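# Observations on the model geometry
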Amino acid sequence: MLPVSSPTKPDGKFRKDSFSSTKQKWKFLRRIYKYKHMDFEFAAWQMLYLFIAPKKVYKNFRYQSETKHQWARDDPAFLVLVAAVVVVSSIFYSVILRFKIQFFFLHLLWVVFFDYLIMALLIATAFWYCVNRLMRRPDCPNQWVEWQYSFDVHLNAFFPFLVILHIVQVLLMQGECAFWPVCHICGVSSGLLLLAGAWNSGLLVV
């Protein structure tokens, strides 16, 4: 089911503000600087349940759409926590693999700005456009997916991928020499978990 939002034009084209209302975007961005107003406890709960029960996170989105008439998160706490995990895991990754100092900073900048921010914007925008242009039902012209919701779905899929790739598999690499059969099996299993998580996240979008 697609999130219901403001109606489109009579010719079926999107309004200029269908990307996301300007007021909603600025409100979200302003809250990034107000740490006291962020619910980090709830964001941490979502991070945990993305691993053990991702459907509960989706149900929370659906509940929010019924109470606040908005599918996307209105609290940037999750975005901030994921950014913090990106930085810490990149430092951990670099230390374990013994990167040189100049390569460490290049790796950190690449992961934070390209892997996390730029790719998130590109992937969320691409899927937002495809879903709204190709997957809307002709008899329901008033249904369209919020861009911020598409961005949130990408973050939901990115976080488990980040933890498994930057933390779990790096630790398995360190134990490969002494316990290589176990580490090999766990490494392959973690890769399968990444694929399953990506597939599950894709299903939750629809």
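Quantities reported herein were computed from a predicted structural model and do not represent experimental measurements.

## Digging into the packing of helix 4 (residues 77–96) against helix 5 (residues 101–134)
- At a minimum axis distance of 10 Å, the contact between helix 4 and helix 5 shows a crossing angle of 150°. Between helix 4 and helix 5, the angle is such that the two are roughly antiparallel. Like other packed secondary-structure pairs, helix 4 and helix 5 cross with a definite hand, here right-handed. Between helix 4, through Leu 79, Val 82, Ala 83, Val 86, Val 87, Ser 90, Ile 91, Tyr 93 and Ser 94, and helix 5, the contact on the second element is made entirely by Phe 104, His 107, Leu 108, Val 111, Val 112 and Tyr 116.
- A breakdown of the residues in the contact of helix 4 with helix 5 according to their chemical character gives 12 nonpolar, three polar and no charged.

## Notes on the pattern of salt bridges
- Under the defined criterion, the tally for this structure stands at one salt bridge.
- A salt bridge links Asp 152 to Arg 73, with the shortest nitrogen-to-oxygen separation between them at 3.4 Å. You can see Asp 152 sitting in helix 6 (residues 147–174) and its partner Arg 73 sitting in the loop between helix 3 (54–67) and helix 4, a full 79 residues away along the chain. Here Asp 152 and Arg 73 have matching classes, each one buried.

## Quick word on the packing of helix 2 (residues 40–52) against helix 3
- At their nearest, the axes of helix 2 and helix 3 sit 6 Å apart, and the two run at 135° to each other. Put simply, helix 2 runs oblique to helix 3. Side by side, helix 2 and helix 3 meet where Phe 42, Trp 45, Gln 46, Tyr 49, Leu 50 and Ile 52 of the first sit next to Pro 54, Lys 56, Val 57 and Asn 60 of the second.
- Its residues placed into classes, the contact of helix 2 with helix 3 shows seven nonpolar, two polar and one charged.

## A look at helix 2
- For helix 2, built from 13 residues, the straight-helix expectation of 18 Å at 1.5 Å per residue is met to within 8% by its first-to-last C-alpha distance of 19 Å.
- Every buried residue belonging to helix 2 is among Ala 43, Gln 46, Met 47, Tyr 49 and Leu 50, and all of these are buried.

## Remarks on the confidence of the model for the chain
- Per-residue pLDDT for the chain averages 75, and the proportion of residues at 70 or more is 67%.
- Low pLDDT (under 50) marks residues 6–20, which in the prediction has 24 contacts with non-local residues, meaning those over four places away or in another chain.

## What about the nonpolar core?
- With 35 residues, the main nonpolar core has Phe 78, Val 82, Val 86, Tyr 116, Tyr 149 and Phe 151 as its most contacted residues.
- Elements represented by at least two residues in this core include exactly helix 2, helix 3, helix 4, helix 5 and helix 6.
- Residues in contact with Val 86, not counting those within four places in the same chain, are Val 111, Val 112, Tyr 116, Phe 158 and Leu 162.

## Some thoughts on the packing of aromatic side chains
- Evaluation of the coordinates by the stated rule reveals 12 aromatic pairs.
- Ring geometry for Phe 61 versus Tyr 149: centroids 5.7 Å apart, planes at 75°, classification edge-to-face. A residue pair is termed long-range when its members are at least 10 positions apart, and Phe 61 in helix 3 and Tyr 149 in helix 6 qualify at 88 residues.
- Site record: aromatic cluster; members linked through ring pairs are Tyr 58, Phe 61, Trp 71 and Tyr 149.
- Above the face of the Phe 78 ring, Arg 73 is positioned so that its terminal group lies 3.9 Å from the ring centre.

Calculation criteria
- Residues numbered from 1 in each chain as written.
- Predicted model: local features only at pLDDT ≥ 70, side-chain atom pairs only at ≥ 80, totals over all residues.
- Heavy atoms only, no water.
- Axes fitted to C-alpha atoms, helices over the stretch in contact; angles between N-to-C directions.
- Helix = DSSP H or I, 4+ residues; strand = E, 2+ residues; numbered from the N terminus.
- Parallel < 35°, antiparallel > 145°, perpendicular 65-115°, else oblique.
- Left-handed = near helix turned anticlockwise from the far one by under 90°.
- Contact = heavy atoms within 4.5 Å.
- Nonpolar A, V, L, I, M, F, W, Y, C, P; charged D, E, K, R; others polar.
- Salt bridge = Lys/Arg side-chain N within 4 Å of Asp/Glu carboxyl O.
- Buried < 20%, exposed > 50% of the residue type's maximum accessible area, 1.4 Å probe, protein only.
- Expected span 1.5 Å × (residues − 1).
- pLDDT = per-residue confidence, 0-100.
- Core = buried A, V, L, I, M, F, W, Y, C linked by side-chain atoms within 4.5 Å.
- Phe/Tyr/Trp six-rings, centres within 6.5 Å; stacked < 30°, edge-to-face > 60°.
- Lys NZ or Arg CZ within 6 Å of the ring centre and 35° of its normal.

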